[in-house]
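Structure at a glance
For reference, the chains in residue letters:
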Protein chains: 4
Amino acid sequence: MNTTADGINNKTFMKALVYNGPNSIVWEEKPKPVIKEGTDAIVQITTTTICGTDLHILKGDLPAITKGRILGHEGVGIIDEVGANVLNFHKGDKVLISIISSCGRCGFCRKAMPSHCLNGGWQLGNRIDGTQAEYVRIPYADNGLYLLPGEVEEEAVVMLSCILPTGLECGAMNGQVKPGDIVAIVGAGPVGMAALLTTQLYSPSMIVMIDIDDNRLKIASSLGASHVVNSSDGQASLKVMEFTQNAGVNVAIEAVGVSAAFDICQSIIAPGGRIANVGVHAKAVELHLEKLWALNMTLTTRLVDGGSTPMLLKMIQSGRLDAKKLVSHRYKLSEVIKAYDTFANAQKLHALKVILWNEKAGE
Amino acid sequence: MNTTADGINNKTFMKALVYNGPNSIVWEEKPKPVIKEGTDAIVQITTTTICGTDLHILKGDLPAITKGRILGHEGVGIIDEVGANVLNFHKGDKVLISIISSCGRCGFCRKAMPSHCLNGGWQLGNRIDGTQAEYVRIPYADNGLYLLPGEVEEEAVVMLSCILPTGLECGAMNGQVKPGDIVAIVGAGPVGMAALLTTQLYSPSMIVMIDIDDNRLKIASSLGASHVVNSSDGQASLKVMEFTQNAGVNVAIEAVGVSAAFDICQSIIAPGGRIANVGVHAKAVELHLEKLWALNMTLTTRLVDGGSTPMLLKMIQSGRLDAKKLVSHRYKLSEVIKAYDTFANAQKLHALKVILWNEKAGE
Amino acid sequence: MNTTADGINNKTFMKALVYNGPNSIVWEEKPKPVIKEGTDAIVQITTTTICGTDLHILKGDLPAITKGRILGHEGVGIIDEVGANVLNFHKGDKVLISIISSCGRCGFCRKAMPSHCLNGGWQLGNRIDGTQAEYVRIPYADNGLYLLPGEVEEEAVVMLSCILPTGLECGAMNGQVKPGDIVAIVGAGPVGMAALLTTQLYSPSMIVMIDIDDNRLKIASSLGASHVVNSSDGQASLKVMEFTQNAGVNVAIEAVGVSAAFDICQSIIAPGGRIANVGVHAKAVELHLEKLWALNMTLTTRLVDGGSTPMLLKMIQSGRLDAKKLVSHRYKLSEVIKAYDTFANAQKLHALKVILWNEKAGE
Amino acid sequence: MNTTADGINNKTFMKALVYNGPNSIVWEEKPKPVIKEGTDAIVQITTTTICGTDLHILKGDLPAITKGRILGHEGVGIIDEVGANVLNFHKGDKVLISIISSCGRCGFCRKAMPSHCLNGGWQLGNRIDGTQAEYVRIPYADNGLYLLPGEVEEEAVVMLSCILPTGLECGAMNGQVKPGDIVAIVGAGPVGMAALLTTQLYSPSMIVMIDIDDNRLKIASSLGASHVVNSSDGQASLKVMEFTQNAGVNVAIEAVGVSAAFDICQSIIAPGGRIANVGVHAKAVELHLEKLWALNMTLTTRLVDGGSTPMLLKMIQSGRLDAKKLVSHRYKLSEVIKAYDTFANAQKLHALKVILWNEKAGE
């Protein structure tokens, strides 16, 4: 009865995490979403999680996101309803939700760059309501969902909505990591860890993880970093140059989004090297072209496209990628405020990705 | 008699343009260079020219270059003598000199990146004496010279020592210009013009040339720019966005080396676009990652490698590239100080590349 | 009244070119097509043309194509009707029809390889009725049509349905033509000429055109070939090796679809070279791996994807590509049988592309 | 005293494996090689091995190789003497010998394609005497040798002369293996196993190994193949299609050099897939263009360049690549005839790579 938006009578409600302006979020009742376009699907969330970008939003760093927006762009769920033009999915399907909405018809989509889809892109929890809710409306469902086999572990798969494709596409792929390369990753938070996991798909000979938190560095070692550097003392670049006999690194991945992290990348990159920016930056940084102009280096930025999601799903299913290693905490969806609190105090609480599972799903 | 350096008696002399510290150059007598390594050649310069980078040196922007250095890294000449291990050249050969010295044996040379050769790179007029002289010593001559047929026009070919490969490799190739692309080039000086000529080898649909000098923009139009913008009023970015219906450009080539030019590039680049830095920068610039982080853009820097020189030579010889269009003035080599003066006042004197021909060559 | 297929009463009729089995085509009355899916559009053809592949079909070389099929996969027309889910087009729009139908939702479409779309690919005049008719049904219209400005020349633009993207994508792009390359094109029929025109977008230094027909070779010279070779005497490879001082060619484009043409490509390719097969082959060929195994060469095949169509349209509109040069003959659509006859006797009648214009369009 | 070739008195002798025409090799006394060019080095072999290509030579498949030639192009040794122009090596250095001689000065070397070096390429055991001897002359030593640290395992490192770079460059790299790809390797001999080991550097999701020998398939499983297929029954293609739900494979690597193996590759390749030929073929094969013309596939051939050797050395040293797994048998160098016999009966004797160690080295 909730498939049309035209009557007050048939409106049903759900609970959702709503952004209330800088530093304010509430878990409150909202109308359950309805199909607006024939290409939409409504998905009941079973598992979702929180992204570092959600914290940026909460701080007010992304001012285009307005009060009242339901946050979240990651999730696994069950299809509740599909629009008339959804070809590939049906009610009851278990699906993975991609952060990126892709119309499949614009110039960017047709060039395999849906992050800048003229009708989509990063919509969920940004320009439209997101996944930290009991239900979510997914535009262009055929291109924004992936069918999951029944037996998959949701905690692992939900890492494919955003964090692992981001680490892979914006980090490892943009950094063009090749076998034998020396890679440095600045920032051992969730997205840095995602870059660490996915970089290994290309067999670098050395991965140096740089962070200010020894606990995270310890985890990084267990996830495959060959070297770790605590940058608290401002000597990280010197140490990396030592590790590399002053040759520098082939690939530097910025996974923080602040000037200091970007500076380390600039100071350790080898001739012919690639700096892959993954971090969400709120301010301009200094680019040292007076040194870099002659270095034959490449710097990339990227909003994740999600084109790698089907491949990553295969890697999880074949046991070659252990995505669950990124999960540190678990909460009920109704405890989402507490989960944000944990995630915002990640260093103190040793948090990486925080899983939210919908205790009411399946009811 | 000048092949050993060990005796005062057999030393012969030549005239050369010598850097005397910031803002000071002199045309004076210097010992004629001699073979130091078996892989060297001595070349009598017949034609040389001045690079924008020479002006940077003269201003003191490249402090590694010390007093007493003979400047110049471009030239055509006749081989006067070869070392015992030079395989491909002989006395009397007419040759083009490459800016880059390449040992052919280090890791960078073997990856086709001789700009960072561990034993070479940009040596001439930088770490060793250069080509604005009657004679020059060329290290690793087999890899630093190109044999010229007798009938070639030296004025055209000398553009292949540095300026055209720089425009092509650092600009068009690093910018990955493709047929149909929209390209903006900021800076209509010699290297910007070289980028303009070589960008057309990839058939962009639109080339916007941006400069503060109307005369240079007029020349740019005649060399193939489809649109020109005088940026004196600070509105260049707005105009480019208008030309492109707010889509921005696929490729922005920075061919000046100053912050303002780099800023234009940042503000007009389309999602998925490439900024190719060609300019020699003396200071850091601001990089607006707060806007660019999500733009899926690529920024490159590069010291020219010269790998494209043989191809460009073929294009000149087959009449498909008119390199002489870059030449605006001609002087005798002994008038090199006057030539520097002309080149330093390029805007006022409508100068592009200034040719120096050695009136004593062949004597 | 023709939008449903369910009643005999509302069926209207049109004229169309129907394949009647090997060597038999008829111009006859057929039901006007109707919308079957919400993503369909019905287009009234204003201009169409005949492809070399249509001749292959006619000969029976593509046995999957069955009796009763309306042929043709090229066309320009006016939209007569759109399905409920077509977002980008409206009745009355002037459109270019792409040979390729792309669902925009399958793995191949999302990797920018719609030629192998799981729900589309090359459908028109192959698996569904085609464009050599007064009306045609276009599946996935949003991805299979391109909006044309009113003033465009239909004869030029209809070359973008298939022939020019084929020459470019399967020939020049797959052959990775780069500035300065030496390119040989075997076959100076329409698709070879399309390869010739589009190869020039990448500025090769030499293009050798090879055919058995002197008239076509003369046209090739006028379209930009720097060398032509008549291969009737079986000496084509020898001549190409002479032209190249025995170095061979960087790129060899097979644009015929027979063993003899493929053999020439194999025998002239340089180390590191690329053979780009464009021709439609009815039989296996011999591949001389006993010589090629050590040659570091690349061989590609491809069904056109059409991804280059928007770029080519820009090039035509900006006057940088003169597609009309491929047109040799013009007929009324109702004279299509005569047009096939002309096209099938191309050598004798000096035919390249044969335009068919619908004299009843606009009525 | 053996550095000049001009006197009978100072000639010293060594033992070497000499090709005596088809099916005939002898272990006999030969003059110890001497420096001919300043860029040469003489290396005392400590470890060498036999390549599948050596068996091809022995069969007479490579007729350019003439009677009297010392065979072998793989080896580790100690430098005995260097020419005057060798810059990077000294007497006593432990070195790895590359199959490829590279002058570092020709167009191919400067494009990082030394396999086709105009002055080198595959010389050893082919156009000049090779490494299955007590001493060997290495031309262009600076580019043909790699310095080894003292502690390295020679059995592992000798796999970098040819077999592992061949598997990597001609197989995995030419096949453009990407994370998640499905790869089939036809042929589980040494070079197929090398392709298997190096393909894993790119993290495919599935590797199907195909051979007629169950023992080799068992080893392949232990080296990382996820699926194995015995092709004796002619059903290999069917099985691969089953494994892939009829999608076919992204990459097919031909590692045998016979028509039947190439046929399997052709029949299982997916749209957009790559066939990488590694095998040395003595005869032409049939290429099924009647099916492949529309498949958007790429086929490559390659003589190894060896550019990957430094990277592979790093991978061995960091413990990420276990090259010794390829070794099945060990003989003294003086037992080389017996070793050939073992290698020629590989299937029966369960042989992969056969190590030859020079019992007289160090004396």
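First, a word on what this report is: a plain description of the structure on this page. (Residues numbered from 1 in each chain as written. Chains lettered and ligands numbered in written order. Predicted model: local features only at pLDDT ≥ 70, side-chain atom pairs only at ≥ 80, totals over all residues. Heavy atoms only, no water.)

1. Concerning the interface of chain D and chain B
This is how the line gets drawn: The contact criterion used throughout is that any non-hydrogen atoms of two residues lie within 4.5 Å. Buried area adds together the accessible area that both of two parts lose upon being put together, with accessible area traced by a 1.4 Å probe. A pair is scored as a salt bridge if a Lys or Arg side-chain nitrogen falls within 4 Å of a carboxyl oxygen belonging to Asp or Glu.
Each partner contributes to the interface: chain D provides 11 residues, whereas chain B provides 11 residues. Together, the buried faces of chain D and chain B total about 1200 Å²; carbon and sulfur atoms form 34% of this surface. Looking only at chain D, the three residues that lose the most surface to chain B are Arg 105, Arg 110 and Asn 143 of chain D, adding up to 53% of its buried area. Inspection of the chain D/chain B interface yields 2 salt bridges. In this structure, the salt-bridge partner of Arg 105 of chain D is Asp 142 of chain B, at a minimum N-O distance of 2.2 Å.

2. Looking at the packing of aromatic side chains
What counts here: Two aromatic rings from Phe, Tyr or Trp, using only the six-membered ring of Trp, form a pair when their centres are within 6.5 Å; if the ring planes differ by under 30 degrees the pair is stacked, by over 60 it is edge-to-face, and anything between is tilted. Consider the ring centre and the ring normal. A charge sits over the ring if Lys NZ or Arg CZ is within 6 Å of that centre and within 35 degrees of that normal.
According to the stated counting rule, one finds 0 aromatic pairs over all chains in the structure shown. Here Lys 32 of chain C stacks its cationic end above the ring of Tyr 135 of chain C, 4.3 Å away from the centre of that ring.

3. Re the sheet that holds strand β10 (residues 182-186) of chain B
For clarity, the cut-off: In this analysis, strands are considered paired if DSSP registers two or more bridges between them. Numbered from the N terminus, helices here are DSSP runs of H or I no shorter than four residues, and strands are runs of E no shorter than two. Throughout, an axis means a line fitted to C-alpha atoms (over the contacting stretch in the case of helices), and angles, computed between N-to-C directions, take values from 0 to 180 degrees.
Ordered in space as β12(A)-β11(A)-β10(A)-β13(A)-β14(A)-β16(A)-β16(B)-β14(B)-β13(B)-β10(B)-β11(B)-β12(B), the 12 strands form an open sheet in which the pairing is mixed. The open sheet has two edge strands with one neighbour each: β12 (227-230) of chain A together with β12 (227-230) of chain B. The mean angle between the axes of side-by-side strands here comes to 15 degrees, regardless of whether they run parallel or antiparallel. Looking at chain direction, strand β11 (residues 206-211) of chain A and β12 of chain A are connected through 4 bridges and run parallel. Residue pairing in the sheet places Asp 211 of chain A in a bridge with Asn 230 of chain A of β12 of chain A.

4. A short note on the relation of the copies chain D and chain B
To keep things clear, this is the line we draw: Copies are brought into register by a least-squares superposition over C-alpha atoms of residues with pLDDT of at least 70 in both.
Aligned on chain B, chain D shows an RMSD of 0.0 Å; the corresponding rotation is 180 degrees and the shift along the axis is 0.0 Å. Both chain copies can therefore be described as sitting about a two-fold axis. Residue Gly 104 of chain D of chain D places its C-alpha closer to the rotation axis than any other residue of that unit, at 2.3 Å. Comparing interface residues between copies, 100% of those in chain D also sit at the interface in chain B, which points to an isologous, same-surface contact.

5. Some points on unusual backbone geometry
Basically, it comes down to this: Here's how the labels work: a residue is buried when its accessible area is under 20% of the maximum for its type, exposed when over 50%, partly exposed in between, all with a 1.4 Å probe on protein chains only.
If you check the backbone angles, Asn 246 of chain B has positive phi at about 65 degrees while not being a glycine. Inspection of the secondary structure assignment puts Asn 246 of chain B in the loop between α8 (236-243) and β13 (249-254). Since its relative accessible area comes to 60%, Asn 246 of chain B is described here as exposed. The backbone of Tyr 140 of chain C sits at a positive phi, close to 45 degrees, despite the residue not being glycine. Along the polypeptide, Tyr 140 of chain C turns up in the loop between β8 (135-138) and α3 (141-144).

6. Thoughts on the interface of chain A and chain B
On the chain B side, the residues contacting the 34 residues of chain A number 34 residues. Both faces considered, chain A and chain B share a buried interface measuring about 2800 Å² in area, 65% of it formed by carbon and sulfur atoms. By the criterion of area lost to chain B, the three top residues of chain A are Trp 293, Asn 296 and Thr 301 of chain A, representing 26% of everything that side buries. Viewed at the interface, chain B and chain A are joined by 0 salt bridges.

7. Some remarks on the relation of the copies chain A and chain B
Between the two copies of this chain, the relationship is a rotation about some axis together with a displacement along it. For the match of chain A to chain B, the screw axis carries a shift of 0.0 Å, the RMSD comes to 0.0 Å, and the turn is 180 degrees. Of the interface residues in chain A, 100% have counterparts in chain B that sit at the interface too, so the contact is made through matching surfaces.

8. Looking at the state of the cysteines
To keep things clear, this is the line we draw: Pairs of cysteine sulfur atoms within 2.5 Å are what we label disulfides.
Scanning all chains against the criterion turns up 0 disulfides over all chains. No disulfide involves Cys 265 of chain A; its sulfur sits 14 Å from that of Cys 170 of chain A, the nearest cysteine. Distance from the sulfur of Cys 103 of chain D, which forms no disulfide, to the nearest cysteine sulfur (Cys 117 of chain D) is 3.7 Å.

9. Let's talk about the packing of helix α5 (residues 163-173) of chain B against helix α11 (residues 309-317) of chain B
All names here are of chain B. The line we're drawing: Here roughly perpendicular refers to angles of 65 to 115 degrees, roughly parallel to angles under 35, roughly antiparallel to angles over 145, and oblique to all remaining angles. Crossings are sorted by hand: turned counterclockwise from the far helix by less than a right angle, the near helix makes the crossing left-handed, and turned clockwise it makes it right-handed.
Orientation of α5 relative to α11, taken along the N-to-C sense of each, is 115 degrees, at an axis distance of 10 Å. Overall, the two elements α5 and α11 adopt an arrangement that is roughly perpendicular. For the pair α5 and α11, the crossing hand works out as right-handed. Contacts between α5 and α11 involve Leu 164, Pro 165 and Leu 168 from the former and Thr 309, Met 311 and Leu 312 from the latter.

10. Re the sheet that holds strand β14 (residues 269-277) of chain C
Strand order in the open sheet formed by 12 strands is β12(C)-β11(C)-β10(C)-β13(C)-β14(C)-β16(C)-β16(D)-β14(D)-β13(D)-β10(D)-β11(D)-β12(D), and the pairing between neighbours is mixed. Every interior strand has two partners, whereas the edge strands, β12 (227-230) of chain C together with β12 (227-230) of chain D, have only one. Strand-to-strand twist in this sheet, taken as the mean axis angle between neighbours without regard to direction, amounts to 15 degrees. As defined by bridge partners, strand β10 (residues 182-186) of chain D adjoins strand β11 (residues 206-211) of chain D across 5 bridges and the pair is classed as parallel. Paired with Val 186 of chain D across the bridge in β11 of chain D is Ile 210 of chain D.

11. Quick notes on the pattern of salt bridges
What the rule picks out here adds up to 56 salt bridges over all chains. Between Asp 233 of chain C and Lys 239 of chain C there is a salt bridge, and its shortest N-O distance comes to 3.0 Å. Asp 233 of chain C sits in the partly exposed class, given a relative accessible area of 43%. A salt bridge links Arg 69 of chain D to Asp 129 of chain D, with the shortest nitrogen-to-oxygen separation between them at 3.0 Å. On the criterion of sequence distance, the pair formed by Arg 69 of chain D in the loop between α1 (52-59) and β4 (75-82) and Asp 129 of chain D in the loop between β7 (121-122) and β8 (135-138) is long-range, its members being 60 residues apart. Within this structure, Lys 32, Asp 80 and Lys 91 of chain A form a network of salt bridges that share partners.

12. Things to note about a negative patch on the surface
Cut-off, in case you're wondering: Only residues whose relative accessible area exceeds 30% and that take part in no salt bridge are eligible for patches, with like-charged residues grouped when within 9 Å of each other and nonpolar side chains (Val, Leu, Ile, Met, Phe, Trp, Tyr) grouped when within 5 Å. Exposure was quantified through the Shrake-Rupley algorithm and a 1.4 Å probe, taking into account, for residues, occlusion by the shown protein chains and nothing else. Charge counting follows a simple rule: Lys and Arg are positive, Asp and Glu are negative, and His as well as the terminal groups are ignored. For the purpose of locating charges, the reference atoms are NZ of Lys, CZ of Arg, CG of Asp and CD of Glu.
Taken together, Asp 263 and Glu 286 of chain A together with Asp 263 and Glu 286 of chain B make up a surface patch of like negative charges. Mapped onto the elements, Asp 263 of chain A comes out in helix α9 (residues 259-268).

13. A few points about helix α11 (residues 309-317) of chain C
Think of an α-helix as 3.6 residues a turn; residues three or four steps apart then line up on the same face. All names here are of chain C. Within the sequence span of α11, burial applies to Thr 309, Met 311, Leu 312, Leu 313, Met 315 and Ile 316. The inward-facing, buried residues of α11 contact β5 (94-97), β9 (145-147), α4 (154-157), α5 (163-173) and α6 (190-199). Positive phi shows up at Gly 319, right after α11, with a value of about 80 degrees.

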